[in-house]
Structure formats: structure tokens, C-alpha cells
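These are the residues of each chain, in order.
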Amino acid sequence: MELILSNYGNVIATDNRSGEIYDIIKKGLTKGESIIIDAKDVTISTKAARIIFGRLYKELKEQFNEKISFRNNNDLFNFSVNEGISTELEN
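Here's what I pulled together on the structure shown here.

Cut-offs used in this document
Residues numbered from 1 in each chain as written. Predicted model: local features only at pLDDT ≥ 70, side-chain atom pairs only at ≥ 80, totals over all residues. Heavy atoms only, no water. Helix = DSSP H or I, 4+ residues; strand = E, 2+ residues; numbered from the N terminus. Rg over C-alpha atoms; globule rule 2.2 N^0.38 Å. Buried < 20%, exposed > 50% of the residue type's maximum accessible area, 1.4 Å probe, protein only. Contact = heavy atoms within 4.5 Å. Pairing = 2+ DSSP bridges. Axes fitted to C-alpha atoms, helices over the stretch in contact; angles between N-to-C directions.

Counting its regular elements, the chain contains 4 helices and 5 strands. Starting at the N terminus and walking to the C terminus, you meet the elements of the chain as β-β-α-β-β-α-α-β-α. Radius of gyration (C-alpha) of the chain: 12 Å, near the 12 Å computed for a compact globule of 91 residues. Along the first, second and third principal axes, the C-alpha set of the chain runs to 30 × 30 × 25 Å. In the chain, which comprises 91 residues, the proportion classed as buried is 36%. In the chain, the share of contacts with a sequence separation of at least 24, taken over all contacts with a separation of at least 6, comes to 77%.

Right under this line is the structure:
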């Protein structure tokens with residue numbers, strides 16, 4: 001499954017939008033699909049990244065990198081995702 005984040009806005013920052021994206025990814029994973037996140041032209045807040053990818057990382061653990069991959073992601077996007085995951089793991 002490919003998820004084009006720009007379909008949800010160029011800035012992903014609200015709890016509602018983050019929850020919606022999390023639910024879409026989770027639904028695909030429960031169907032056994034691998035998820036490709038296309039982050040072209042998208043900025044994500046650290047909080048949104050925590051809600052989406054931090055939760056998924058805690059649930060999937062070492063399978064995270066096998067099940068979820070990114071493309072068209074820039075350094076700022078990667079930083080936010082990594083910080084979001086780190087923050088969630090601290091909780």
C-alpha cells in the first residue's frame with residue numbers, strides 16, 4: 001500500500017489528522033500489507049510523528065523497518081519522524 005501524505009495536507013500537525021493517518025496505516029498493516037509512505041512536499045511536526053510513527057514503532061518493534069518504508073522524504077521530515085519515535089519510546 002502506498003500512502004501519499006500530501007493528500008492530507010502539506011503540513012501534518014494536528015492530532016485529528018495524525019490519528020486519521022495512523023488509522024489508515026494500521027488498517028493496511030492488519031491486512032498484511034507493507035506500507036510505503038510518500039512524503040513529497042510534506043512537513044510533519046514532531047508531535048504528529050510521535051502519534052503516527054512512534055506508536056507504530058512501539059507496536060511493530062524491529063518489524064517497523066520491514067513493514068514501513070519512506071520515499072521522497074527530506075532531512076527535516078526524517079528528523080521529525082526520528083524525534084517522534086524517540087519521544088514516544090521515552091514514555
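Take the sheet that holds strand 5 (residues 68-71) next. Taken in spatial order, the 3 strands make up an open sheet running 1-3-5, and their pairing is parallel. In this open sheet, the two strands that pair with only one neighbour each are strand 1 (2-4) and strand 5. Taking the axes of each pair of neighbouring strands and ignoring which way they run, one obtains an average angle of 25 degrees across the sheet. The pairing of strand 3 (residues 35-38) with strand 5 spans 4 bridges and is classified as parallel. Residue pairing for strand 5: Ile37 is matched across the bridge by Phe70. Contacts from helix 1 (residues 15-30) reach strand 1, strand 3 and strand 5 within the one sheet, and its direction differs from that of strand 3 by about 150 degrees.

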